[in-house]
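Summary of structural features
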Amino acid sequence: MLGLLSFPKLAIMMSQARTLVLEYFRWIDGHADVWQIFRDSAALAAVVRSLAESFRDEGITSVCGIESRGFLLGAAVAVELGVGFVPVRKREGIFPGAKVTRRSDPDYPGLRQELRLQQATVSSGGRVLLVDDWIETGSQAAAVRSMVEECGGHWAGCAVIVDQTTPARCAGLGVRSIVTAAELPAWNGQSRRGYPKACQGCDSQAPGEPTAKRGRVLGGAT
Ligand SMILES: O=P(O)(O)OC[C@H]1O[C@H](OP(=O)(O)OP(=O)(O)O)[C@H](O)[C@@H]1O
């Protein structure tokens, strides 16, 4: 763990994470491939530390992650913060015990995800941080928030690598990101047209141009 960092060291660490994300992120056949960031140990470590550091002083008692990339990142950030991990599974897969469930509003590919959370994993009064690789519509995160609150937990916010939300969604869900979608390399060497503009006020983006569909140029998933 990093423990307490001086401001210059913290700024350098956050800057390194941002640089490595921009270096390793790839568009492959029109699909955003965040997995490429994880194949480099230095990039993965920097991303995990940066996500953890953005909520280090917020009294987080558990970290939540949505299957599947949220499992990888969320568990790592939980270790970094010294707290436990709360998994949110999608429709399929064995997941024993009493659960709360939600059907999300349409997410970035237009899917209404069936999300499940084990009640016992959220302690009443606990402060839960959601960690994910990317947030776009915020529909899955909003559904998770609703389940956490039903279990008696408090929503601390979202730590993500890439933020592509609107300012209102960003503020409502408490999103803090390493980069915004508008900062990513252009897709296939073309312009970034389709991405919202960066929002200076909340470190996210402002509405404007249509949102790029990072996961489905040809109708597939990420
Ligand atoms: O902001 P939203 O529009 O709700 O979308 C955000 C979610 O979409 C991605 O996961 P995805 O469903 O692609 O699952 P995966 O991690 O298994 O690829 C991402 O990891 C978030 O969990």
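For every chain, the first residue of the written sequence is number 1, and numbering continues from 1 along that sequence. Only residues with pLDDT of 70 or above have their local features reported here, since the model is predicted, and side-chain atom pairs are shown and tallied only from 80 upward, although totals for entire chains, interfaces and linings are computed over all residues. Excluded from the side-chain calculations are hydrogens and water; all other atoms, namely the structure's heavy atoms, are used.

Considering the site of the ligand
- The ligand sits among 17 residues. The nearest are R69, Y108, D132, D133 and T137.
- By the criterion applied in these results, polar contacts are pairs of N or O atoms within 3.5 Å in which, for protein atoms, one can donate a hydrogen and the other can accept it, and in which residues neighboring in sequence qualify only through two side-chain atoms. For the ligand, an oxygen atom lies 2.8 Å from a polar atom in the backbone of G138.
- The accessible surface values rely on the Shrake-Rupley method and a 1.4 Å probe; as for residues, cover is taken only from the protein chains in view. Computed on the free molecule, the ligand has an accessible area of 500 Å², of which 90% lies beneath the protein chains in the complex.
- Sorting the residues of the shell around the ligand by element identifies β7 (127–135) and α5 (139–150) as the ones contributing at least two each.
- Segments assigned H or I by DSSP are reported as helices when at least four residues long, segments assigned E as strands when at least two residues long, and all are numbered from the N terminus. The dominant element in the shell around the ligand, judged by the number of residues it contributes, is β7, at four residues.
- In this count, Pro and Cys sit with the nonpolar residues alongside Ala, Val, Leu, Ile, Met, Phe, Trp and Tyr, while Asp, Glu, Lys and Arg are called charged and the others, Gly among them, polar. Tallied by class, the residues present in the shell around the ligand amount to three nonpolar, six polar and eight charged. Proximity criterion: a residue is near a molecule or strand once any of its heavy atoms comes within 4 Å of it.

A few points about the UniProt feature "domain: Phosphoribosyltransferase" (unreviewed entry) in the protein
- UniProt positions are given in the numbering used here, feature names are shortened, and annotations may be inferred rather than shown by experiment. Mapped onto the present numbering, the UniProt feature "domain: Phosphoribosyltransferase" (unreviewed entry) falls on residues 40–164.
- Measuring from the first to the last C-alpha atom of residues 40–164 gives 24 Å, for a span that is 30% helix and 32% strand.

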